[in-house]
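A closer look at the structure
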Amino acid sequence: MPSHDPSPLVVHAPGALFVATDELLAHLPVLTRLADEVEADGHRAAWLSLEAPSAMLRAELDACERRSFELADRVRRMRTAIAAAELAYSAAERSATAVHDVVSDWAAALLLRPAARLLLPWLALGGLAMWHLAPGSDEQKRAAIGRWMLENPQVITSPEFTALVGRVVSGADDFVLGDPLLMALLGEHGLGLMGAGTSAAVLSGVAALAGTSVLTETPVRVRHVASGPGTPPSGAAERLRRVPDQKQVRIERYSAPGEPDRFIVYVAPTQTFSPVADAEPWDLTSNITGVAGLPSGSIRATEQAMAHAGIRPDSQVVLVGYSQGGLVADAIAGSGRWNVAGLETYGDPGGGVDLPDGIRGLAVRHSDDFIPATGGPQQPVDRVIVERRAFPDAAVIPTDRPAPAHQKDAYLATARDIDGARSSAIRDELRALDAFARDYTERAGGNVTTSEYRAERISGSS
Amino acid sequence: MPPDPIQADRLRDQLATLRQLRHAAEARAAHPPRLTTDAWRGDAHAAYAITADELAAELAALAAGIARVERLTRTELAHALA
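Residues numbered from 1 in each chain as written. Chains lettered and ligands numbered in written order. Predicted model: local features only at pLDDT ≥ 70, side-chain atom pairs only at ≥ 80, totals over all residues.

**Overview of the overall build of chain B**
Check the secondary structure of chain B and you find 2 helices and 0 strands. Against the 2.2 N^0.38 benchmark of 12 Å for 82 residues, chain B shows a C-alpha radius of gyration of 19 Å, more extended than a compact globule. Its C-alpha atoms give chain B principal-axis dimensions of about 65 × 15 × 10 Å. Residue burial in chain B is summarised as follows: out of 82 residues, 26% are buried. (Helix = DSSP H or I, 4+ residues; strand = E, 2+ residues; numbered from the N terminus. Rg over C-alpha atoms; globule rule 2.2 N^0.38 Å. Buried ≥ 20, exposed ≤ 12 C-beta atoms within 10 Å, placed from the backbone.)

**Concerning helix α3 (residues 138-151) of chain A**
Across its 14 residues, α3(A) extends 20 Å between first and last C-alpha, which sits within 8% of the 20 Å expected from 1.5 Å per residue. Among the 14 residues in α3(A), 0 count as buried, and that is only a small part of the element. (Expected span 1.5 Å × (residues − 1).)

**What to know about the pairing of strand β8 (residues 361-366) of chain A**
Residue and element names in this part refer to chain A. Counted residue by residue, β8 has 6 buried out of 6 residues, so it is predominantly covered. Neither face of β8 is left uncovered, since the one carrying G361, A363 and R365 and the one carrying L362, V364 and H366 both have all their residues buried. Looking at chain direction, strand β7 (residues 339-346) and β8 are connected through 4 bridges and run parallel. Bridge assignment links T345 to a residue of β8, and that residue is A363. Here 5 bridges tie β8 to strand β9 (residues 384-388), and the two strands are oriented parallel to one another. (Pairing = 2+ DSSP bridges.)

**Looking at the domain arrangement of chain A**
Interfaces are often sized by the amount of accessible area the parts lose when they come together. Residues and elements named next belong to chain A. Partitioning chain A into domains gives domain 1 (1-98 + 221-462) and domain 2 (99-210). Listed as interface residues are 29 residues of domain 1 and, on the opposing side, 27 residues of domain 2. Of all the secondary structure elements, the ones that give two or more residues to the side of domain 1 that touches domain 2 are α2 (55-133) and α8 (284-291). The biggest single contributor to the side of domain 1 that touches domain 2 is α2, with 4 residues. Partitioning the side of domain 1 that touches domain 2 into residue classes produces 16 nonpolar, 10 polar and 3 charged. (Domains from an automatic or database assignment. Contact = placed C-beta atoms within 7 Å. Nonpolar A, V, L, I, M, F, W, Y, C, P; charged D, E, K, R; others polar.)

**What about the nonpolar core?**
Residues and elements named next belong to chain A. Ranked by size, the top nonpolar core spans 102 residues in total, and within it V11, V265, V267, V317 and L319 carry the most contacts. With residues up to four places along the chain from it excluded, the contact list for V267 reads V243, Q248, V249, T302, L319, G321, G325, V328 and A329. The next biggest cluster of nonpolar side chains, apart from the first, holds 5 residues, and it includes I156, V169, F370 and I371. (Core = buried A, V, L, I, M, F, W, Y, C linked by C-beta atoms within 7 Å.)

**A few points about the packing of helix α1 (residues 5-30) of chain B against helix α2 (residues 45-81) of chain B**
All names here are of chain B. Packing of α1 against α2 brings their axes to within 9 Å, and their N-to-C directions diverge by 160°. On the basis of the axis angle, α1 is roughly antiparallel to α2. Crossing angle aside, the handedness with which α1 passes α2 is left-handed. Among the residues making up the contact of α1 with α2, the classes are represented as 18 nonpolar, 3 polar and 8 charged. (Axes fitted to C-alpha atoms, helices over the stretch in contact; angles between N-to-C directions. Parallel < 35°, antiparallel > 145°, perpendicular 65-115°, else oblique. Left-handed = near helix turned anticlockwise from the far one by under 90°.)

**Some thoughts on the sheet that holds β8(A)**
Residues and elements named next belong to chain A. With mixed pairing, the 10 strands of this open sheet are ordered in space as β2-β1-β9-β8-β7-β6-β5-β4-β10-β3. The open sheet has two edge strands with one neighbour each: β2 (20-21) and β3 (220-229). Set on the sheet, helix α11 (residues 408-419) makes contact with β6 (316-322), β7, β8 and β9; between it and β8 the angle comes to about 130°. Docked against the sheet, helix α12 (residues 424-441) engages β1 (10-12), β4 (249-255), β5 (262-267), β6, β7, β8, β9 and β10 (447-457), running at close to 125° with respect to β7.

**Considering the interface of chain A and chain B**
In this assembly, 33 residues from chain A lie in contact with 31 residues from chain B. Elements supplying a minimum of two residues to the side of chain A that touches chain B: β2, α1 (22-50) and α2 of chain A. In terms of residues, the side of chain A that touches chain B owes the most to one element, α2(A), which gives 16 residues. The residue makeup of the side of chain A that touches chain B, split by class, is 21 nonpolar, 4 polar and 8 charged.

**Examining the confidence of the model for chain B**
In the predicted model, chain B carries a mean pLDDT of 91, and the fraction of residues at 70 or more is 98%. Both confidence scores are given for the complex: pTM 0.84, ipTM 0.93. (pLDDT = per-residue confidence, 0-100.)

What follows is the structure, encoded as structure tokens:
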């Protein structure tokens, strides 16, 4: 658990004119209520003044009435001023980001590409030579790089690194495209026809053509490994806790007499970062295929598990996922093949997935976790996006695990704060997600059955 | 002047209302609407803090005004009962 002061939760509510912290959003109705109360008391003072037995008392009551109305006005102006200040900040932030994006696209095309043509071969040769000249076996060198990354987590744990990853990912195919005009027209910051998805698709395609098992998709099969009674989750932290660490899919069936069954599907994070597609479908291959918008092994396996659990296309389902599990959840919601009533994801690279209108829920990400940035820029969604920095400037970043801001315990700390959030934007989503399960279990005869599924890739030899 | 029971009843009712108003006003003055620095993404915190301080003073002044009216009403009630 982080030992530092948490950074504020920043809320991107669908349809809202500005992005603001949970505290500030929760403050706006407080001011509205204060203004209304003070004004109502002014009216009561006015009534009392009508019946005041002396001129002196009447004058004092009139003064209270006047002051109350002035105060109510002032509080309402404060509320408007806060909204205006945040609106101006959000607009300035958007403009600055847009200008920065376009400028960096053009700079990449005009300056970096020609330079890269010249330098990349030499850099690659230099890197290869350094790798071979460095002492130790390949395994030892890989371990040394891993150790260095662990000992220097600040390198990859910052909003700046996340932004850099986002630019590299979304600019990769722009870079190949080369022409500044084409980049501006077709890139993420133009028509959006090229971007993280196309980069990932090209990578997957090239890997498939190479004929090896590196980053190459395979069929998958799913086994039902456990089942038993369950209880409904309450709150974001509990739902995230239920996301399996190893058995990749957990499905809760909610039944109530006379009602169609409802389901909550929890999807696990990446199990291996090996580029070789062996038995594990929750692997790097699925990450890349999923970001490409293609049916990855983990997406197909989860859909197989859903079908096995009795989820029909019209069954109401809430999807919860962390990391690759979030990407899987986004992809399934985006497929339009399922009746998704809610979607809750943590630290997932699924921001680039197009979701149908009306899918509510939460998308939680850390601004210093670069994994979500690998999915490309966030598409417009009807979900509430909650963002915060897992390790603010003064925080000590753990050195015992890779990518600390992406770890589940960091997201659990954020989920606990989300459960304590006060803004209606977050509270409404939490209420809806909690009610989805509780509505059935609170009825006579309502019950929950939990099933767990394990999936594996079917390679040519198996 | 003889005691005026009707006026005394009216003043008692007014006093009860004023007591409620004062309690509510004092509660508001004790908890003015402040925000922490972290609540802001932009740089409006300092300006808002000044405005909130001013508002707190005005809420306290309103509570004091209501307390003054309450005292005056109590005096009027004493006269009505005398």
